[in-house]
Amino acid sequence: MASGRNRFLVSYDISDAKRLRLVHKSVKNYGWPMQYSVFICDLDAVEIVMLKQELSSIIHHGKDSVAFVDLGPPANRGRDCFEFMGLRSALPTSGPTVI
């Protein structure tokens, strides 16, 4: 990943309700929810490491799954790489929401 921010699609499948709530809360601090377990996060190199470390401490590595898809810089690919059927989710248009 180059310097600056990249847009990530983050999705998860968590098998325990308590861990699910913790993962949802953590990812929500870094991005925008598209669906309950799918988020868009505009992150720099430090923030993606922080998010991965945070989630690694929550999930059960033998039962849960978290996927990170690097979509590239938000200005270049943030909107044109999404295609929707049915209702269209609103995509973020600016800056991070890291809390």
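In what follows, the accompanying structure is described. (Residues numbered from 1 in each chain as written. Predicted model: local features only at pLDDT ≥ 70, side-chain atom pairs only at ≥ 80, totals over all residues. Heavy atoms only, no water.)

Another aspect to go through is helix α2 (residues 45–56). For α2, with 12 residues, the first-to-last C-alpha span of 17 Å sits near the 16 Å given by 1.5 Å per residue. Buried residues along α2 sit in contact with β1 (6–13), α1 (17–28), β3 (38–43) and β4 (65–70). (Helix = DSSP H or I, 4+ residues; strand = E, 2+ residues; numbered from the N terminus. Expected span 1.5 Å × (residues − 1). Contact = heavy atoms within 4.5 Å.)

By the definition in use, this model includes one aromatic pair. Judged by centre distance (6.3 Å) and plane angle (25 degrees), the ring pair of Tyr 12 and Phe 39 falls under stacked. Separated by 27 residues along the polypeptide, Tyr 12 in strand β1 and Phe 39 in strand β3 bring together distant segments of the chain. Residue Tyr 12 is classed as buried on the basis of its relative accessible area, which comes to 7%. (Phe/Tyr/Trp six-rings, centres within 6.5 Å; stacked < 30°, edge-to-face > 60°. Buried < 20%, exposed > 50% of the residue type's maximum accessible area, 1.4 Å probe, protein only.)

Read across the open sheet, the four strands follow the order β2-β3-β1-β4; overall the sheet is antiparallel. What marks the edges here is a single partner per strand, and that holds for β2 (32–35) and β4. Between one strand and the next, the sheet's axes are offset by a mean angle of 25 degrees, whatever the strand orientation. In terms of strand pairing, β1 meets β3 through six bridges, oriented antiparallel. Counted as the bridge partner of Arg 7 is Asp 42 from β3. Across the sheet, α1 lies against β1 and β3, angled at about 170 degrees from β1, the strand it touches most. (Pairing = 2+ DSSP bridges. Axes fitted to C-alpha atoms, helices over the stretch in contact; angles between N-to-C directions.)

Right, let's get into the nonpolar core. By size, the foremost hydrophobic cluster in this structure holds 15 residues, and its most contacted members are Val 10, Tyr 12, Val 23, Val 27, Cys 41, Leu 43 and Leu 51. Counting only elements with at least two residues in this core, the list comes to β1, α1, β3 and α2. Dropping the residues within four chain positions of it, Val 27 is found in contact with Val 10, Tyr 12, Phe 39, Cys 41, Leu 51 and Leu 55. (Core = buried A, V, L, I, M, F, W, Y, C linked by side-chain atoms within 4.5 Å.)

This part covers the environment of Asp 16. Turning to its location among the elements, Asp 16 is positioned in the loop between β1 and α1. Asp 16 sits in the partly exposed class, given a relative accessible area of 30%. Considered as a pair, Asp 16 and Lys 63 are 47 residues apart in the sequence and their alpha carbons are 8.9 Å apart. Here Lys 18 takes part through its backbone nitrogen, which lies 3.1 Å from a polar atom of the side chain of Asp 16. A distance of 2.9 Å separates the side chain of Asp 16 from the backbone nitrogen of Arg 19, its partner in a polar contact. (Polar contact = N/O pair within 3.5 Å; in protein donor to acceptor, adjacent residues only side chain to side chain.)

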